[in-house]
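A look at the structure
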Amino acid sequence: KNEVEQSPQNLTAQEGEFITINCSYSVGISALHWLQQHPGGGIVSLFMLSSGKKKHGRLIATINIQEKHSSLHITASHPRDSAVYICAVGRNQFYFGTGTSLTVIP
Amino acid sequence: NAGVMQNPRHLVRRRGQEARLRCSPMKGHSHVYWYRQLPEEGLKFMVYLQKENIIDESGMPKERFSAEFPKEGPSILRIQQVVRGDSAAYFCASSPRLLQGNTGELFFGEGSRLTVL
């Protein structure tokens, strides 16, 4: 069993839809990251959180420490949101989910 | 303020050669992390370093791989006697401090793509 499980693996949405990506983990953490990886490989850290909720533009990340679960929400999705979204948890050593490949269709 | 700089972006090596990948963290960042992404697989932690210290190398293969982060200069990930299975994207990330809680920043480089022929 992987330390970090993401769902769904693949997601196709129409432009404007509300999107949710889920992450469940089994390891102890001091932080959870949501990362975005575009085709061609560059990685951007979207959020780092260990409690509560964070919002940045159309992106919202929540975490429930007791349930060991986090969600990434994208409101009013846009084709430029198409990317792989990766959940990473840990302390010094990070465990990564296998990613959710999102395609937003115009 | 330049981001995390990795070079080379692409590296081709023949089996048995050495590969050296460099990572210059963001200015003011003293924590460096190396990750590997094998084709069609997720990212895997390799090593976490602070200046002149290896903090956690639990993700590094026991042989042929080494990493350093000297007092001056970039962090180096060195792979000796490369094999085809080493072909992957190697990402470096840096942070200004230990990552914990709700605060902290982690910045990634663009990655170095190693191809072993």
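In this convention, every chain numbers its residues from 1, walking through the sequence in written order. Chain labels run from A onward and ligand labels from 1 onward, assigned in the order the entries are written. Per-residue local features are limited, in this predicted model, to residues with pLDDT of at least 70; the limit for side-chain atom pairs, both in listing and counting, is 80 or more; totals at the level of whole chains, interfaces and linings are taken over all residues. In computing side-chain properties, one takes all heavy atoms of the structure into account and sets aside hydrogens as well as water.

**Let's talk about the overall build of chain A**
- Numbered from the N terminus, helices here are DSSP runs of H or I no shorter than four residues, and strands are runs of E no shorter than two. If you tally the helices and strands in chain A, you get zero helices and 11 strands.
- Walking chain A from its N terminus toward its C terminus, one meets helices and strands in the order β-β-β-β-β-β-β-β-β-β-β.
- Each radius of gyration is computed over the set of C-alpha atoms, and the globule rule expresses the reference value as 2.2 Å times the number of residues to the power 0.38. In terms of C-alpha radius of gyration, chain A reaches 13 Å, essentially the compact-globule figure of 13 Å for 106 residues.
- Projected onto its principal axes, the C-alpha positions of chain A cover 40 × 25 × 20 Å.
- Exposed residues in this analysis have more than 50% of their type's maximum accessible area, buried residues have under 20%, and partly exposed residues fall in between, with area computed by a 1.4 Å probe over protein chains only. Burial status across chain A gives 47% buried among its 106 residues.
- Throughout, a contact is declared for two residues whenever any of their heavy atoms are within 4.5 Å. By sequence separation, contacts in chain A at least 24 residues apart represent 54% of the contacts at least 6 residues apart.
- When the accessible area of chain A is evaluated, it comes to approximately 4800 Å², of which 50% is carbon and sulfur surface.
- This count recognises Lys and Arg as positive and Asp and Glu as negative, with His and chain-terminal groups excluded. Here the site of a charge means atom NZ of a Lys, CZ of an Arg, CG of an Asp or CD of a Glu. The positive charge centre, built from 8 side chains, and the negative charge centre, built from 6, are 10 Å apart in chain A. Only the protein chains shown count as covering a residue, and every accessible area follows the Shrake-Rupley method with a 1.4 Å probe.

**Digging into the pattern of salt bridges**
Residues and elements named next belong to chain B.
- Each salt bridge in this description consists of a side-chain nitrogen of Lys or Arg and a carboxyl oxygen of Asp or Glu lying within 4 Å of one another. Counting across every chain of the model gives five salt bridges over all chains.
- For Glu18, the salt bridge identified is with Arg20, shortest N-O distance 2.8 Å.
- Assessed through its relative accessible area of 39%, Arg20 is described here as partly exposed.
- Where Glu18 meets Arg78, a salt bridge forms, and the shortest distance between an N and an O atom there is 2.9 Å. Here Glu18 is found in the loop between β2 (10-13) and β3 (19-24), whereas its partner Arg78 is found in strand β8 (residues 75-79), with 60 residues between them in sequence.
- Judged by relative accessible area, Glu18 falls into the partly exposed class, the value being 29%.
- Connected through salt bridges with shared partners, the residues Glu18, Arg20 and Arg78 form a single ionic network.

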